[in-house]
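In case you want the letters, here they are:
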Amino acid sequence: MNVNGRNYCTIWVHPENQRVIQVIDQRLLPFEFKIVDLQTAGDAFEAIRNMTVRGAPLIGVTGAFGIYLSLIRSSDRNWREELQQSAVYLKSARPTAVNLAILIDEMTARLSGCNSRKQAIDLALETAGRQKLREIAWSEAIGNFGCALIEEISKRKNGQPVNILTHCNAGWLACIDWGTATAPIYKAFQKNIPLHVWVDETRPRNQGARLTAWELSQEGVPHTVIPDNAGGHLMQHGMVDLCIVGSDRTTSRGDVANKIGTYLKALAAFDNKVPFYVALPSSSIDFSMKDGIKEIPIEQRDGEEVTWMEGMLENGLPGKVNVLNLTSPVANYAFDVTPSRYVTGLITERGICPATEEGIRLLFPKPHVPRDL
Ligand code: MRU
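Residues numbered from 1 in each chain as written. Predicted model: local features only at pLDDT ≥ 70, side-chain atom pairs only at ≥ 80, totals over all residues. Heavy atoms only, no water.

*Asks:* What is the right way to look at the site of the ligand in this model?
*Replies:* Near the ligand lie 19 residues; those nearest to it are R94, Q207, D248, N258 and K259. G55 places a main-chain nitrogen or oxygen 2.9 Å from an oxygen atom of the ligand. A distance of 2.8 Å separates an oxygen atom of the ligand from a polar atom in the side chain of R94. Burial of the ligand by the surrounding chains reaches 100%, relative to a free accessible area of 410 Å². Elements supplying a minimum of two residues to the shell around the ligand: helix 2 (56–72) and strand 11 (256–259). Residues of the shell around the ligand, tallied by class, amount to eight nonpolar, seven polar and four charged. (Near = heavy atom within 4 Å. Polar contact = N/O pair within 3.5 Å; in protein donor to acceptor, adjacent residues only side chain to side chain. Areas by Shrake-Rupley, 256 points an atom, 1.4 Å probe, with all protein chains shown as cover. Helix = DSSP H or I, 4+ residues; strand = E, 2+ residues; numbered from the N terminus. Nonpolar A, V, L, I, M, F, W, Y, C, P; charged D, E, K, R; others polar.)

Shown next as structure tokens:
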């Protein structure tokens, strides 16, 4: 999508050196647009872990390119063992987004037939590239299916702007292009359907305020940033027509793990009869799990993310301010699980389905990747 009028996606092979992968440093946005080089599997691991790159689909593709980078530096004799070690290592970078494990497993399965390190390097580069393109195609398909929902509401409102609430950043920055939750919004906006987006700030890291708001600004989409605790009030006053959020892991029966605070928005939506949709590619579906609350691993991050708020200081430089009593303990759960009963539907690359085992199975009768590669 657009960055100052220029088209970008979130990850690419260096145009002059294909041993280097380039990504946008999302920790600095919206204050600075900086591109960083990943040259080793360690670089890819750190970029995922420290959230230089984040968002489930992008984490997955970065992990896949991480495998490619690890092969470049592996030895001719032990490349198979080193590949397995790198896969375990990269998968451990962040626990909740299942895309990371799914794409790395898909990659290692494809590489298992290789007879030489050289062959494996070539195939890894090709596979990661295909996985990237597939995510773009899936996001675009999600956009088209979700756009129809927005169009329907717009007709009911006689062309009055459709108010959509979203949480965190499930935009193109979290994916490769288009986004998941934002893809229907971008598609509808391109069709001139009047709309407005309520952007949850999404404490503690403020992905909504810092990333989603920036993305929407770059595309010219009308939006308003709100504190995390405002959504319920807006819904009670008829100011939200539709919620669309992303997912880091959705179970086979439709329970959804997403950024912390998503569950509370779903409860408010349910109480106010506001449709609550989750937009996700099938690379975010964990077919091995059913009960999201019991089974999905929830990442706990450093308490410093709560204690100190990052931003632009009055002197125009990036910095941190302490926002709470430093001797108070803090807890920093990064995700929560919304039970499927609060989800109106799942917007996937194959269409929209109920958040139920039957609904998901109808769209994905053969659950296992690799597919469409
Ligand atoms: O911790 P993050 O920023 O990686 O969390 C991202 C989210 O929770 C997104 O909403 C989710 O990955 C869906 S992204 C398309």
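What follows picks up the thread again.
*Asks:* What exactly am I supposed to notice about the packing of helix 2 against helix 3 (residues 79–91) here?
*Replies:* Helix-helix packing is characterised by the crossing angle of the two axes and by the distance between the axes. Their axes nearest at 10 Å, the elements helix 2 and helix 3 cross at an angle of 150 degrees. With respect to their mutual orientation, helix 2 and helix 3 come out roughly antiparallel. Between helix 2 and helix 3 the crossing geometry is right-handed. Note on element contacts: helix 3 touches helix 2 through W79, L83, S86, A87 and L90, opposite G63, G66, I67, S70 and L71. Along the lines of polarity and charge, the residues of the contact of helix 2 with helix 3 split into six nonpolar, four polar and no charged. (Axes fitted to C-alpha atoms, helices over the stretch in contact; angles between N-to-C directions. Parallel < 35°, antiparallel > 145°, perpendicular 65-115°, else oblique. Left-handed = near helix turned anticlockwise from the far one by under 90°. Contact = heavy atoms within 4.5 Å.)

*Asks:* Hey, could you run me through helix 2 in this one?
*Replies:* An α-helical segment advances 3.6 residues per turn. Residues three or four places apart therefore align on the same side. Look at helix 2: 25 Å from first C-alpha to last across 17 residues, which is about the 24 Å you get at 1.5 Å a residue. The element helix 2 is largely enclosed, with a buried count of 17 among its 17 residues. (Expected span 1.5 Å × (residues − 1). Buried < 20%, exposed > 50% of the residue type's maximum accessible area, 1.4 Å probe, protein only.)

*Asks:* Just to check I follow, could you spell out the pattern of salt bridges for this structure?
*Replies:* A pair can form between side chains of opposite charge whenever their charged atoms are brought close. This model, assessed by the stated rule, comprises 24 salt bridges. The partner of K157 in a salt bridge is D241, and the shortest N-O contact between them spans 2.8 Å. One end of the pair, K157, is in the loop between helix 5 (117–156) and strand 6 (162–166); the other, D241, is in the loop between helix 8 (231–236) and strand 9 (242–245), and 84 residues separate them in sequence. Residue classification places D241 among the buried positions, given a relative accessible area of 17%. One salt bridge connects D200 with K265, and the closest N-O pair in it is separated by 3.0 Å. Highlighted residues: D200 in strand 7 (residues 195–200) and K265 in helix 9 (residues 262–271), separated in sequence by 65 residues. Side by side, D200 and K265 carry an identical accessibility label, which is buried. A single network of salt bridges, built from pairs that share partners, joins R94, R205, E299, R301 and E305. (Salt bridge = Lys/Arg side-chain N within 4 Å of Asp/Glu carboxyl O.)

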